[in-house]
Amino acid sequence: MKRSKARCNDPMNRRNFLTRSMLGVGAAAGTSMVAVPLLAERGERDDDRRSITEGDVAILRFLAAAELLETDLWQQYAELAGADSPESSYRAAIEVLDEDMPQYISDNTDDEISHAAFLNAYLASKGASPVNLDQFRTLPGSQATGALQIGRLTNLMRLTVDTSWWTRYRSTQNPDFGAAFPQAIPSLAVGQHPAIPRNDAELGNPNSISAHVQAIANTAGFHFAFIEQGGTSLYSAMAQKVSSLEALRIVVSIGPTEAMHFQTWHDKAGNAPAVTDGSLVFPDLTAGQFATDELFEKSLIMPEPCDFLRRSLPPCSIVRPTATAHAAMGAVRALTADGLFIGQSPEFFQALGELAEEADRARRDR
């Protein structure tokens, strides 16, 4: 099994540095999930002392929570299939999609860590409470070799992955106008499927890839794109609601990196091999409707022009959806339907829901 280029083992490498930064911010945040009044800090530049609105704080706090959740799931993927993960049939199955997948997974993980750390540090610099979800790290993770035995925020072993993003971006329709789209992998969008191995026994022979392990890796590949397309739309929606130029700069600077991630995973998902594992069926993505129907052709990964703002205007190639109404709560509902929070406490859903509602109430201060 070919291994991608290993990352630096120096203890001061990028990931370790970012992880320590994240832990530092989390420690400073405590367990508070309620914003405090904004305070201008002394000794900073004029630009740094400018206040941000309560609405900006609400938006940035929800985005920080979303990034913490993304960090948690990506760390689980990185532990088992990242550049520093142990050799296994799961890692080999991930590399079937592309031999550079372990490096991409690690880099995506680093990016999410940096987003969460920055947003929380920025909130603290403005006198607002950062977001800390540590009290909800109660979900069990994988028992497979390489996985850290710590509490998790997200569950990657019982996913129901919405694959309509595949046909949405190949369509000339826009969900902001009420359009709906067919699933690329219908059986992945029903039931509950693992995207990481639950234990070493599930991996089987380390020198061969079973249909079951390849199905797990394929599930992960489509899940990567599902997560990042959601983040892309969320940042685009939130950018329309912030008031301060500095908060806007943050949102429009982080959001495009989510789009970069999505485009990478969109392309790699198209390399998922045909495999059947019980009721889960990944078809041949080079045959049938995937070869003849433009809604499914795997090479058509660039966003198709679609209706935007008003149907009287010409079609435009855009991120979609970008409507602002209930965007934060919509993201929560999508992640919940994905199965990421199976096993979480009522308190978790209440806290996340309150953050989403506050972000959705925010309005641009004109």
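Criteria and thresholds
- Residues numbered from 1 in each chain as written.
- Predicted model: local features only at pLDDT ≥ 70, side-chain atom pairs only at ≥ 80, totals over all residues.
- Heavy atoms only, no water.
- Helix = DSSP H or I, 4+ residues; strand = E, 2+ residues; numbered from the N terminus.
- Buried < 20%, exposed > 50% of the residue type's maximum accessible area, 1.4 Å probe, protein only.
- Areas by Shrake-Rupley, 256 points an atom, 1.4 Å probe, with all protein chains shown as cover.
- Core = buried A, V, L, I, M, F, W, Y, C linked by side-chain atoms within 4.5 Å.
- Contact = heavy atoms within 4.5 Å.
- Salt bridge = Lys/Arg side-chain N within 4 Å of Asp/Glu carboxyl O.
- Axes fitted to C-alpha atoms, helices over the stretch in contact; angles between N-to-C directions.
- Parallel < 35°, antiparallel > 145°, perpendicular 65-115°, else oblique.
- Nonpolar A, V, L, I, M, F, W, Y, C, P; charged D, E, K, R; others polar.
- Phe/Tyr/Trp six-rings, centres within 6.5 Å; stacked < 30°, edge-to-face > 60°.
- Lys NZ or Arg CZ within 6 Å of the ring centre and 35° of its normal.
- pLDDT = per-residue confidence, 0-100.

## Topic: the overall build of the protein
Part 1 of the reasoning: When helices and strands are counted, the protein shows twelve helices and two strands.
Part 2 of the reasoning: Helices and strands in the protein line up, N terminus first, as α-α-α-α-α-α-α-α-α-β-β-α-α-α.
Part 3 of the reasoning: Residues classed as buried in the protein amount to 51% of the 366 residues present.
Part 4 of the reasoning: Summed over all atoms, the accessible surface of the protein reaches about 15,900 Å², with 56% contributed by carbon and sulfur.

## Re unusual backbone geometry
Part 1 of the reasoning: The omega torsion of the bond from arginine 320 to proline 321 falls at 0°, within 30 degrees of zero and hence cis.
Part 2 of the reasoning: Its location among the elements puts proline 321 in the loop between helix 10 (289–292) and helix 11 (327–337).
Part 3 of the reasoning: One non-glycine residue, leucine 309, lies in positive phi territory at about 65°.
Part 4 of the reasoning: Residue placement: leucine 309 occurs in the loop between helix 10 and helix 11.
Part 5 of the reasoning: Residue class for leucine 309 comes out exposed when judged on its relative accessible area of 56%.
Part 6 of the reasoning: We note that histidine 326 has phi near 55°; this positive angle belongs to a residue other than glycine.
Part 7 of the reasoning: With respect to the helices and strands, histidine 326 occurs in the loop between helix 10 and helix 11.

## Points about the nonpolar core
Part 1 of the reasoning: Counting residues in hydrophobic clusters, the biggest one holds 91 residues, and the most contacted among them are Leu60, Phe62, Tyr77, Tyr90 and Phe222.
Part 2 of the reasoning: Here the element with the most residues in this core is helix 3 (residues 54–81); it accounts for 16 residues.
Part 3 of the reasoning: Residue contacts for tyrosine 77: discarding those within four places in its chain leaves Gly82, Tyr90, Ile105, Leu156, Leu159, Ala195, Ile196, Ala220, His223 and Phe224.

## Here we look at the pattern of salt bridges
Part 1 of the reasoning: Scanning all chains against the criterion turns up nine salt bridges.
Part 2 of the reasoning: Among the salt bridges present, the one from arginine 137 reaches aspartate 72, with a minimum N-O distance of 3.3 Å. Taken together, the residues span a long stretch of sequence, with arginine 137 in the loop between helix 5 (101–125) and helix 6 (164–168) and aspartate 72 in helix 3 at a distance of 65 residues.
Part 3 of the reasoning: Given the relative accessible area of 29%, arginine 137 is considered partly exposed.
Part 4 of the reasoning: Judged by relative accessible area, which is 2%, aspartate 72 ranks as buried.
Part 5 of the reasoning: With its nearest N and O atoms 3.4 Å apart, the salt bridge here joins aspartate 267 to lysine 268.
Part 6 of the reasoning: The partly exposed category is assigned to aspartate 267, whose relative accessible area is 34%.
Part 7 of the reasoning: Judged by relative accessible area, lysine 268 falls into the buried class, the value being 11%.
Part 8 of the reasoning: One connected set of salt bridges, linked through shared partners, spans Asp72, Asp134 and Arg137.

## Thoughts on the packing of helix 3 against helix 4 (residues 89–97)
Part 1 of the reasoning: Axis separation between helix 3 and helix 4 bottoms out at 8 Å; the angle between their running directions is 105°. In terms of orientation, helix 3 and helix 4 fall into the roughly perpendicular class. Facing Tyr77, Leu80 and Ala81 of helix 3, the residues of helix 4 in contact are Tyr90, Arg91 and Ile94.
Part 2 of the reasoning: When grouped by side-chain class, the residues that make up the contact of helix 3 with helix 4 number five nonpolar, no polar and one charged.

## Section: the packing of aromatic side chains
Part 1 of the reasoning: All told, the structure shown has 19 aromatic pairs when counted by the stated rule.
Part 2 of the reasoning: Ring geometry for phenylalanine 341 versus phenylalanine 349: centroids 6.1 Å apart, planes at 75°, classification edge-to-face.
Part 3 of the reasoning: According to the relative accessible area criterion, phenylalanine 341 is buried, its value standing at 2%.
Part 4 of the reasoning: Put simply, the rings of Trp165, Trp166, Tyr169, Phe222, Phe262, Phe282, Phe290 and Phe296 pair up and form one aromatic cluster.
Part 5 of the reasoning: Against the face of tryptophan 166 rests arginine 170, its NZ or CZ located 4.0 Å from the ring centre.

## A short note on the confidence of the model for the protein
Part 1 of the reasoning: Looking at the protein, the pLDDT average stands at 89 and 86% of residues meet or exceed 70.
Part 2 of the reasoning: Low confidence marks residues 1–44, where pLDDT is under 50. Its contacts with residues over four positions away, or in another chain, come to 96 contacts.

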